[in-house]
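# Chains, contacts and geometry: an overview
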Amino acid sequence: MADRYQRFSTSPLGRTLVRKLGLPSPAPLRRHRPGDPVVAGQVLVGSAEDGRLAKIATAILTGAGAEVVTTPADDEGRFAAIVFDATGITDSAKLQDLHRFFQPMIRRLGPCGRVIVLGTPPEDCSDAAEDLLAGSSNSKAATAQYALQGFTRSLGKEVKRGATVQLVYVSPGADEGIASTLRFFVSDRSAFVSGQVVRVGVAEVAEPEDWERPLAGKTAVVTGASRGIGAAIAELLARDGASVVCLDVPAQGDELAEVANRIGGSTLQLDITALDAPARLAEHLAQRHGGVDIVVHNAGILRDKTLGKMDEQQWDSVIAVNLSAQERINDALLDGVLRQGGRIIGVSSIAGIAGNFGQTNYATSKAGVIGMVQALAPVLARTGGTINAVAPGFIETKMTASIPLFTREMGRRLSSLAQGGLPVDVAETIAWYANPGSAGVNGNVVRVCGQSLLGA
Ligand code: NAD
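Residues numbered from 1 in each chain as written. Predicted model: local features only at pLDDT ≥ 70, side-chain atom pairs only at ≥ 80, totals over all residues. Heavy atoms only, no water.

Per an unreviewed UniProt entry, the recorded name for the protein is 3-oxoacyl-[acyl-carrier protein] reductase, and the organism is Allokutzneria albata. You can read under Sequence similarities (unreviewed entry) in the UniProt record for the protein the words "Belongs to the short-chain dehydrogenases/reductases (SDR) family." (UniProt positions renumbered as here; feature names shortened; annotations may be inferred.)

Moving on: the sheet that holds strand β13 (residues 445–448). Strand order in the open sheet formed by seven strands is β9-β8-β7-β10-β11-β12-β13, with parallel pairing between adjacent strands. At either end of the open sheet lies a strand with only one pairing partner, and these are β9 (266–269) and β13. Averaged over neighbouring strand pairs, the angle between their axes works out to 20° when direction is ignored. Pairing of strand β7 (residues 219–223) with strand β8 (residues 243–248), which is carried by five bridges, proceeds in the parallel orientation. Counted as the bridge partner of Thr223 is Leu247 from β8. (Pairing = 2+ DSSP bridges. Helix = DSSP H or I, 4+ residues; strand = E, 2+ residues; numbered from the N terminus. Axes fitted to C-alpha atoms, helices over the stretch in contact; angles between N-to-C directions.)

Around the ligand lies a shell of 27 residues, among which Arg227, Asp248, Asp271, Asn298 and Tyr362 are the nearest. Interatomic distance of 2.8 Å between a side-chain N/O atom of Arg227 and an oxygen atom of the ligand. Measuring from a nitrogen atom of the ligand, one finds a backbone N or O atom of Ile272 at 3.0 Å. At the level of secondary structure, the elements contributing two or more residues to the shell around the ligand comprise α9 (228–239), α14 (360–381) and α15 (398–401). (Near = heavy atom within 4 Å. Polar contact = N/O pair within 3.5 Å; in protein donor to acceptor, adjacent residues only side chain to side chain.)

What follows concerns the domain arrangement of the protein. When the domains of the protein are assigned, the result is domain 1 (31–200) and domain 2 (219–448). If you average the C-alpha positions of domain 1 and of domain 2, the two centres end up 29 Å apart. Domain 1 puts 21 residues into the contact, and the matching count from domain 2 is 25 residues. When the two sides are added together, the surface that domain 1 and domain 2 hide from each other amounts to roughly 1,800 Å², 58% of it contributed by carbon and sulfur. The tally of links from domain 1 across to domain 2 stands at two salt bridges. For Glu428, the salt bridge identified is with Arg189, shortest N-O distance 3.7 Å. Linking domain 1 with domain 2 are six residue pairs in polar contact (both at pLDDT 80 or more). Of all elements in the fold, only α7 (137–158), α8 (179–186) and β6 (196–200) reach the threshold of two or more residues within the side of domain 1 that touches domain 2. Per-element accounting of the side of domain 1 that touches domain 2 gives the leading share, five residues, to β6. Residues that form the side of domain 1 that touches domain 2 fall into these classes: nine nonpolar, eight polar and four charged. (Domains from an automatic or database assignment. Contact = heavy atoms within 4.5 Å. Buried area = accessible area lost by both parts, 1.4 Å probe. Salt bridge = Lys/Arg side-chain N within 4 Å of Asp/Glu carboxyl O. Nonpolar A, V, L, I, M, F, W, Y, C, P; charged D, E, K, R; others polar.)

Now for the packing of aromatic side chains. Under the definition given, this model contains eight aromatic pairs. Between Trp432 and Tyr433 the ring centres are 4.8 Å apart and the planes differ by 25°, which places this aromatic pair in the stacked class. Pair check on accessibility: Trp432 and Tyr433 agree, each one buried. (Phe/Tyr/Trp six-rings, centres within 6.5 Å; stacked < 30°, edge-to-face > 60°. Buried < 20%, exposed > 50% of the residue type's maximum accessible area, 1.4 Å probe, protein only.)

What follows is about the UniProt feature "domain: Ketoreductase" (unreviewed entry) in the protein. Under the feature "domain: Ketoreductase" (unreviewed entry), the UniProt entry names residues 218–393. Taken end to end, residues 218–393 comprises 48% helix and 22% strand; its first and last C-alpha atoms sit 29 Å apart.

If you look at the biggest cluster of nonpolar residues, it comprises 68 residues, and the most contacted ones within it are Leu237, Val244 and Cys246. Top contributing element to this core by residue count: α9, with eight residues. Each of domain 1 (31–200) and domain 2 (219–448) accounts for three or more of the residues forming this core. With residues up to four places along the chain from it excluded, the contact list for Cys246 reads Val222, Ala225, Ala234, Leu256, Val259, Ala260, Ile263, Ser266, Thr267 and Leu268. Counting 29 residues, the second-largest nonpolar core is a separate cluster that includes Val292, Leu333, Val369 and Val373. (Core = buried A, V, L, I, M, F, W, Y, C linked by side-chain atoms within 4.5 Å.)

Moving on, we get to the side chain of Lys366. Structurally, Lys366 can be placed in helix α14. Buried charged residue Lys366 carries no salt bridge. Nearest counter-charge: Asp304, at 11 Å. Aside from chain neighbours lying at most four places away, what touches Lys366 is Asn322, Val347, Ser348, Ser349 and Gly352. (Lys, Arg positive; Asp, Glu negative; His and termini not counted.)

As structure tokens, then:
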């Protein structure tokens, strides 16, 4: 679904003007359709010396049906994806391996191509503060591994035609648990995610029996599911096999029922800020479903005003829906309703990272969601569960359609992919968090923003 400028920029006249005036040129993004392969085309896998992940990455990709090459046969041809194991880069001199490997290959990345750099989390390279003080080899490894962030974020800004670049940090001991993450980032499911740094930690991972229906037998609840991003999340979790409880305020009852009917889910009309909402939700999930596996806190509201003009109600209502209600629901569900290995997923916003004019209330609530993820990650880990958040950038919904034209155009174009994302892009990222194979993905905040320049 291309916006008007995007359609113009790909017309013969538009293409010429865009090139001459140096305007943004948004490429059509390929998105996953049921039945599509994980990745269509050759995947180049390379490694720095002594990398520990290239072998396992090759096995995962081959197992997913990809055609993996480690030494290109010729100087021609395009790669659908390039995966580079940088875990062997243990000091700054070895960063040269990045240049040596990527410089001749990057121009061969195909349209909507994927680049994934695999590293070791810097905090896992150095075990004690004394190491850093002593300038030991561990601290040099931590430095070099941190440096990968600058490389991947810059490369994300350079690659063209809808390509994306990510850095995936894998803790030592978590090597066997990266399949869901690798499959997500190498595929068209991650079309609008770029320039991200993701961490995969040690966890007991149970990979799904069927990657097309990874959530079969699971129950999910999605708040704010009657429209926009929430409806897309409900739809995708159902596509992946979950039985979805679609929750929204009673005023949205008709639209909510429509979504639930379409996806074979059920409805729960509830204002999440009501005092008894957490107890009612917990009781509903326990009685009707015997518990819940996936909780998506998507419901959110805006009440934009500069702080000097913002009344108390505008402040309170945003904090209540976007943050406090979610905390109270978590408390109620963590009391035995969220099943072992359960997943909690928050919907933050790039406004919560970068701040935004007229959004002190909203940005406070959305930064709070990130705080909630960080605070609860160790708690969830104790029962094999996870909590993560997505931070959407400009997503084409009713909400963003009402933004004044100039601001809307800025929101769309000021990103590496130079276009707005679709609700399905946020939903695909949430489906990756929910996947049983993502048990090691805990405490992450991944921006779904086409590498927006805001807060980057
Ligand atoms: P939307 O307004 O279309 O949908 C929000 C839904 O939440 C609505 O159905 C609404 O009825 C429901 N809701 C609101 N208050 C509720 C309450 N008290 N109890 C239960 N349900 C309630 O918005 P959207 O664009 O689909 O956004 C979904 C989420 O994504 C929000 O959290 C939003 O802040 C976030 N987000 C959106 C964008 C974007 O570009 N659209 C960007 C960043 C973040």
